[in-house]
Amino acid sequence: MAANNSKYSSTRYHDPSQREFFSFEEVVLKGLASDGGLFHPHEVPNVGSKYLEWRDLSFPDLAYQIIRLYVDDHEISNDELKTLVDRSYSTFRHPDTVPLVTLDESKNLHLLELFHGPTFAFKDVALQFLGNLFEFFLVRKNQNLKPGEPRHHLTVIGATSGDTGSAAIYGLRGKKDVSIFIMFPDGKVSPVQEAQMTTVLDPNVHCLSVQGTFDDCQDYVKALFADPDMNKIHHLAAVNSINWARILAQITYYFYAYFQLLKKNPELTKAKFVVPTGNFGDILAGYYALRMGLPVAKLIVATNENDILHRFWQTGSYSKKPKPAGEPHGGIKEDGAQAHEAGVKETYSPAMDILVSSNFERLLWHLSLEHELEVNPDVKFEETVRVAGGKINGWFQELKNTGSFTVDGQISDKARAIFSTYRVSNPETLEAIRECYRGKAISTKGYVLDPHSAIGVAASLREISAAGQTDVPTVSLATAHPAKFAGAVELALQEEKSFDFSSVLPEQFVGLGEKERKVVQVSSKEGLPGIRQIITREVQQEKEVRQNGV
Ligand SMILES: *Cc1c(COP(=O)(O)O)cnc(C)c1O
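Every chain begins its residue count from 1, and numbering advances along the sequence as written. In keeping with the model being predicted, local features are shown solely for residues with a pLDDT of at least 70 and side-chain atom pairs are shown and tallied solely at 80 or more, while totals for entire chains, interfaces and linings include all residues. Hydrogens are left out, water is left out, and the side-chain values use all remaining heavy atoms of the structure.

**Looking at the pattern of salt bridges**
Next, step 1: For salt bridges, the criterion is a side-chain nitrogen of Lys or Arg within 4 Å of an Asp or Glu carboxyl oxygen. Applying the stated criterion across every chain, the model contains 27 salt bridges.
Next, step 2: A salt bridge links Lys141 to Glu25; the shortest N-O distance between them is 3.9 Å. Linking Lys141 in helix α4 (residues 123-141) with Glu25 in helix α1 (residues 24-30), this pair joins segments that are 116 residues apart in sequence.
Next, step 3: Under the scheme applied here, a residue whose accessible area is under 20% of the maximum for its type counts as buried, over 50% as exposed, and between as partly exposed, the area being computed with a 1.4 Å probe on protein chains only. Assessed through its relative accessible area of 35%, Lys141 is described here as partly exposed.
Next, step 4: Residue classification places Glu25 among the buried positions, given a relative accessible area of 17%. Helix and strand definitions follow DSSP, with helices as H or I runs of at least four residues and strands as E runs of at least two, each counted in order from the N terminus.

**Re the sheet that holds strand β6 (residues 178-185)**
Next, step 1: Spatially, the 5 strands line up as an open sheet ordered β8-β5-β6-β7-β15, and their pairing is parallel. In this open sheet, the two edge strands, each paired with only one partner strand, are β8 (236-237) and β15 (520-522).
Next, step 2: For two strands to pair, DSSP has to find at least two bridges joining them. Taken together, the 2 bridges between strand β5 (residues 154-159) and β8 define a ladder with parallel strand orientation. Of the residues in β8, the one forming a bridge with Val156 is Ala237.
Next, step 3: The contact rule is simple, with two residues in contact once any of their heavy atoms fall within 4.5 Å. Orientation is described by axes fitted as lines to C-alpha atoms, over the contacting stretch for helices, and by angles from 0 to 180 degrees between their N-to-C directions. Running over the sheet, helix α6 (residues 191-198) touches β6 and β7 (205-210) and is turned about 155° from β6.
Next, step 4: Those strands touched by helix α18 (residues 527-547) are β5, β6, β7 and β15, and its axis lies near 150° from that of β6.

**Thoughts on the sheet that holds strand β3 (residues 100-104)**
The strands that make up a sheet pair up through hydrogen bonds in the backbone, lying either parallel or antiparallel.
Next, step 1: Taken together, 6 strands build an open sheet; the order of strands is β3-β4-β14-β9-β10-β13 and the sheet is mixed. Whereas interior strands pair on both sides, the edge strands pair on one side only; in this sheet they are β3 and β13 (419-423). Taking the axes of each pair of neighbouring strands and ignoring which way they run, one obtains an average angle of 25° across the sheet.

**Considerations on the site of the ligand**
Next, step 1: Around the ligand sit 14 residues in total, of which Lys123, Gly278, Asn279, Asp282 and Thr479 are the nearest.
Next, step 2: Taking Asn279, its main chain carries an N or O atom lying 2.7 Å from an oxygen atom of the ligand.
Next, step 3: In the model, an oxygen atom of the ligand is placed 3.1 Å from a nitrogen or oxygen of the Gly281 main chain.
Next, step 4: Under the convention used here, a 1.4 Å probe and the Shrake-Rupley method define accessible areas, while residue burial counts only the protein chains that appear. Relative to its unbound accessible surface of 380 Å², the ligand loses 97% to contact with the protein.
Next, step 5: Each residue gets one of three labels, nonpolar for Ala, Val, Leu, Ile, Met, Phe, Trp, Tyr, Cys and Pro, charged for Asp, Glu, Lys and Arg, and polar for the others, Gly among them. Looking at the shell around the ligand, its residues break down into 6 nonpolar, 6 polar and 2 charged. When we say a residue is near a molecule or strand, we mean one of its heavy atoms is within 4 Å of it. A 3.5 Å cut-off defines polar contacts: any pair of N or O atoms within that distance qualifies, except that in protein one atom must be a possible hydrogen donor and the other a possible acceptor, and neighbouring residues in sequence count only when both atoms are side-chain atoms.

Don't take any of this as a statement about function, it's just geometry.
Set out below in C-alpha cells:
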C-alpha cells in the first residue's frame with residue numbers, strides 16, 4: 001500500500017465519480033491531469049528535524065533521500081532510484097553540482113549557482129532527471145513484451161523560443177525508446193541557443209526550424225496533442241515545467257544550499273531564498289522544502305515586468321493584464337504558460353516572460369486545503385480535499401472566462417506570511433548586472449550575472465535593505481550562465497573597460513557555431529501536415545536503425 005506522499009491527485013479534483021489517485025509513473029508520463037489540473041502529492045512529507053541527518057550528503061545522495069519520500073519503492077526500487085539520480089547529476093561540471101558563492105559577507109548575501117549542467121541553465125537540474133525517468137519507465141514496459149508485440153515508444157514534442165528546448169534536448173538525447181521533437185521559430189532564437197539545440201546529433205533528437213512565430217510553433221504542438229491518431233500512434237508526451245518530476249528534482253538544492261550555509265555558520269537557524277520567477281516551478285520547490293521541514297524564513301518571488309505574481313501578492317487578485325483594444329489574441333508562451341502577444345512584454349530575461357504562471361495553481365491548492373482544514377476542522381479529510389479542489393477548479397474556470405480571479409482574504413494572507421515579491425524592470429536589470437560587476441552593489445568585484453540571476457540579486461538587495469538585519473542569510477538563485485544571454489550582458493557592461501565577453505565564455509561554447517548541425521526546415525506552406533509527416537518519418541527511421549542493431 002502506497003503511503004500518502006507517494007500518491008498523487010489533481011489540483012482540480014472535486015467530482016467523486018472521477019478517479020482521485022495516480023501513481024508517480026502516471027503523473028510523470030501524463031504531465032497534466034485530464035481535468036486540466038496539475039498533479040500534487042496527496043500529502044507533503046514533513047521530516048521534522050531529521051533533515052539535519054542529511055547535512056553532509058553529496059548532492060546526488062541528498063537528491064536520492066528527498067525523491068525517495070515521494071516515490072513508492074514498489075514503483076522504483078532503492079537501487080533503481082539511486083542509479084537514476086546518480087546518472088542525472090553525473091553530467092554536471094562542478095564537484096558541488098550547485099555551488100554556493102558568497103557575494104557580500106557583510107550583507108550575508110549568497111548566490112546559488114544552478115547553471116553547471118550540460119546547457120548552462122537551472123532547468124538541467126530537473127530535465128536531466130526527467131529524461132532518465134522517461135527512459136526508465138519505457139525500458140521497463142518493454143522488458144516483458146510478448147514475441148511480436150511492438151515496443152512501447154514515447155514521442156516528446158515541444159515548442160521553444162530558446163530556453164527550454166536545449167535543456168529538454170540534453171535531458172533526452174540518446175535515451176532508449178524515446179524521441180524528442182523541438183520546434184522553434186526560424187531565425188528568431190538567439191544564435192547560441194539555436195546552436196546548442198541543433199548541434200546535438202543523436203538519432204532520437206529532432207529540431208524543426210519552423211517558418212513563423214513562437215506562437216505558431218506552440219499552436220502546432222497543441223494541434224498535435226489534440227490529434228487522436230497522432231497520440232495513438234506516437235504516444236505524445238511533454239516535458240514542460242508543470243511536470244511534477246521537475247518540481248521534485250528542484251527541492252534538493254534548497255536543502256543543499258542550506259547545508260552549505262550551515263557549514264559556514266553552525267549557529268544558523270533560518271535562511272531566505274530569492275528566486276527569479278516565471279512559471280513558478282523553481283520557487284514552488286522551495287515551498288515544498290519549507291513544508292518538509294527546512295527552516296525557510298521567507299521565499300521571495302522576483303519578477304520582471306511580466307508581474308502577474310507581484311500583483312497577486314499586492315492585491316489578492318490573479319489577473320492577466322487587460323489587453324489593449326484592437327490587439328490580436330496570442331497563443332501559449334514557452335513552457336505552457338498562456339500568453340497574449342499583446343499581454344506579454346519582451347524583456348532582457350526571456351525565460352521569465354509569461355502572462356500567467358502555471359505552477360502557481362499548485363501553491364493555491366495547498367493554501368486552500370490548509371484554509372479549509374482550519375475553518376472546517378470537523379469535516380472529513382477527503383471531503384475537505386474535494387472542497388479545496390472545487391475552489392481551484394472554479395477559480396481557473398473564471399480565469400479562462402474573465403481573465404482574472406480573486407482568492408479569499410485568508411488565503412492571500414497565508415501566501416503573504418510565507419512569500420514576498422519584488423518586480424524588477426528592464427533598466428533595473430541592466431543596472432544590477434553593472435553595479436554588481438563594478439562591486440558597488442555588492443562587495444565582490446567582477447562577478448558577471450546573467451539577466452535572470454540579476455533580477456534575483458536586485459530583489460535580494462531590496463529585501464536586505466528593507467529587512468535591515470543580516471543574521472538571516474539571503475540566498476539568491478542564479479538560474480543561467482551569463483554566456484547564454486550575451487546581448488543583455490554586453491549591453492549592461494559596454495562601458496566597462498575591464499570587461500571582455502570572451503572571459504565568461506565557457507569552452508563548450510567556443511566554436512559551437514561551426515559545428516555540424518541537424519535541423520529540418522518547415523515552411524509555412526508545409527505547416528501542420530508537413531510536421532506530422534516529419535514526425536512519422538523520423539520515428540520510423542529511428543525504429544529501423546534500432547532493428548538493424550546499429
Ligand atoms: C525557466 C527559467 C526561469 C523561471 O523559472 P520558473 O520555474 O519558470 O519560475 C528563470 N531563469 C531562467 C534562466 C530560466 O530558464
